[in-house]
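# Observations on chain architecture
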Amino acid sequence: MAKTITDIRDILPDPEYVRIFDTTLRDGEQSPGCTMNVEEKLAIARQLERLGVDIIEGGFAASSPGDFESVHRIAEAVTRPTVVSLSRTREEDVDAALRAVDRAANPGIHIFIATSDIHLKYKLNMTREDVLSASTWAVARAKQHLDYIEFSCEDASRSDWDFMAKICAEVIRAGARIVNLPDTTGHAIPEEFGEMFSYMRRNVEGADRVIWSAHCHNDLGLAVANSLAAIKNGARQVECTVNGIGERAGNTSMEEVVMALRTRKDLMAVRTGIDTRQIYPASRLLSQIIGQPVPPNKPIVGDNAFAHEAGIHQDGVLKYKLTYEIMKPEDVGIPSNKLVLGKHSGRHAFVNRLEELGVDAAAVDLNKAFAAFKVLCDKKKIVYDDDILALVNEEARRTADHFELVDVRVTSSVRITPHAEVTMRMGGGEERVAEASGDGMVDACYKAIYKLVGVQPALERYSVKAITGGTDALGEVSCLVRADGMTVAGQGAHSDIVMASALALVNALNRLHGRAAAAARRPAEGP
Ligand code: KIV
Ligand code: ZN
């Protein structure tokens, strides 16, 4: 039974607390190449719980059966954060969202509709009166079932402030507890965005009975700055994603906004409930799952975020760290010593290390993962944290797949055309073999796989990264493939680059297969 909310203090006991609303699994997942399957979303949700986020937006339940299932499973899997589903103001959306969170310890719904004239005219074909009545209707409907209702004015930063104030007052009267003002197009500048929050808090009737929330996109690189401006003007919730993933240029980056608040508390006397030592594990886990490397210069979690290259900086840091360091790497969970285990390490040390890296050992097939770790130890003298993460994610990717890569044999020399023979199993059936020649070993191998699966998607991106140094390093391949209007990412990790490439393609093909099956069950319409 959900907790009854009688007063804003039930969800914001401390007025200086800023709630972290994580939308990695909804807004983040919406961006090309960031799609995740249910198991992957569960792994992220568990890490978000460890991280200490207050709210997890698990998805948009009405958009597809796959999204519904994800929200439902996440709602069952986590206990401390509130789990919400996105919903339009339509009856079928509200009802699906409510059903999806019905098993959550702390369920909630996030209802949105656009409020800018440009969206009303060209997207919704609705009048302001229509939008007002749809909003209050949807909030009132949800209110019959639960107390935790967030309402968002989509494209708030380009909406008329007085019209928006009217809608906000009405949805508060109907029972909304959180009012979110998104900068949907990433168009706002910090001063005006902050002023919008100040205006709403001064002019909306009932403004002091709700939590004001900011949701920013990063089209002008200002998402974090705009979120901070909103907080300075009274917002007590920020919506963000791990690594800042999201539509177009992304959403507010969770790690950046959290660390900005923590590092500059001299200017902003607020706090969050985030265990910052879980930031780096969360960033790595997401990057491994979606196959999007974190740029080296990404604040907080990039490889270079704490690296001092210039001699004058190194000299200063050696004398006194704070000369050039405003945060400590260990505060965000970056392991001080990335060299961890070797062939003599036991299962206990392996499991301990997994947990330190933010991996939920209970969700991993430890026998398989430990066996794979031992094989890797035989190949490599030194096994690093990133090797371990890659290996565990590779095992997770291989379970419950439709296409299974059994073997790859390649021959190549400067005198002969590269040739590949690939063995695969489809849907648990008989092994099948195909051969092909190509411009290189990877090309030959991909052609053989296309023959076996009977589709040839467009390969939009292919990249190889040595996870750690040395010629014996695990190679991590990420690819982005497109077929039937769907774009999916695939990842593979192996000490043999051709094998890693084949695993990445097969992983992408499995995702395509899963999404095509879900789409066949019910066509989806996004927000
Ligand atoms: O960017 C946006 O406006 C959104 C809403 C659905 C909250 O993601
Ligand atoms: Zn958004």
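Residues numbered from 1 in each chain as written. Chains lettered and ligands numbered in written order. Predicted model: local features only at pLDDT ≥ 70, side-chain atom pairs only at ≥ 80, totals over all residues. Heavy atoms only, no water.

Moving on, we come to the coordination of the zinc ion (ligand 2). Each donor-metal-donor angle would ideally measure 109.5 degrees in four-coordinate tetrahedral geometry, or 90 or 180 degrees in six-coordinate octahedral geometry. Distances from the zinc ion (ligand 2) to its protein donors, Asp-27 (OD), His-215 (NE2) and His-217 (NE2), fall at 2.0 to 2.1 Å. Between consecutive donors of the zinc ion (ligand 2), the numbers of intervening residues give the motif D-x187-H-x1-H. Separated by 190 residues along the polypeptide, Asp-27 in helix α1 (residues 24–28) and His-217 in the loop between β7 (211–216) and α9 (223–232) bring together distant segments of the chain. For the pair formed by Asp-27 and His-217, the shared burial category is buried. (Donors = N, O, S within 2.8 Å, 3.2 Å for Na, K, Ca; no water. Helix = DSSP H or I, 4+ residues; strand = E, 2+ residues; numbered from the N terminus. Buried < 20%, exposed > 50% of the residue type's maximum accessible area, 1.4 Å probe, protein only.)

All told, the structure shown has seven aromatic pairs when counted by the stated rule. For the pair Phe-193 and Phe-197, a centre-to-centre distance of 5.2 Å together with 70° between the ring planes defines the contact as edge-to-face. One end of the pair is Phe-193 and the other is Phe-197, both in helix α8 (residues 190–203) and four residues apart, which spans about a single turn. Of the residues examined, Phe-197 reaches a relative accessible area of 0% and is grouped as buried. (Phe/Tyr/Trp six-rings, centres within 6.5 Å; stacked < 30°, edge-to-face > 60°.)

Looking now at the domain arrangement of the protein. Splitting the protein by domain gives domain 1 (12–290), domain 2 (335–397) and domain 3 (404–521). Placing a centre on the C-alpha atoms of domain 1 and another on those of domain 2 gives a separation of 35 Å. The interface is formed by 11 residues belonging to domain 1 together with 13 residues belonging to domain 2. Both faces combined, the contact of domain 1 with domain 2 buries some 900 Å², and carbon together with sulfur accounts for 47% of it. Summed over the three residues of domain 1 that lose the most area to domain 2, namely Arg-50, Tyr-280 and Gln-288, the buried surface amounts to 47% of that side. Between domain 1 and domain 2 we count zero salt bridges in total. Remark: the boundary between domain 1 and domain 2 carries zero residue pairs in polar contact (both at pLDDT 80 or more). (Domains from an automatic or database assignment. Contact = heavy atoms within 4.5 Å. Buried area = accessible area lost by both parts, 1.4 Å probe. Salt bridge = Lys/Arg side-chain N within 4 Å of Asp/Glu carboxyl O. Polar contact = N/O pair within 3.5 Å; in protein donor to acceptor, adjacent residues only side chain to side chain.)

A few words on the pattern of salt bridges. This structure, assessed with the given rule, holds 31 salt bridges. A salt bridge links Arg-9 to Asp-7; the nearest nitrogen and oxygen atoms lie 2.7 Å apart. Relative accessible area serves as the criterion here: at 58%, Arg-9 is assigned to the exposed category. A relative accessible area of 27% places Asp-7 in the partly exposed class. Here Asp-160 ties to Arg-128 by a salt bridge, and the two come within 3.8 Å at their closest N and O atoms. In this pair, Asp-160 is assigned in the loop between β5 (149–154) and α7 (161–174) and Arg-128 in helix α6 (residues 128–143), connecting sequence segments 32 residues apart. Note on Asp-160: relative accessible area 33%, which makes it partly exposed. What emerges from the salt-bridge pattern is a single network uniting Arg-26, Asp-27 and Glu-57.

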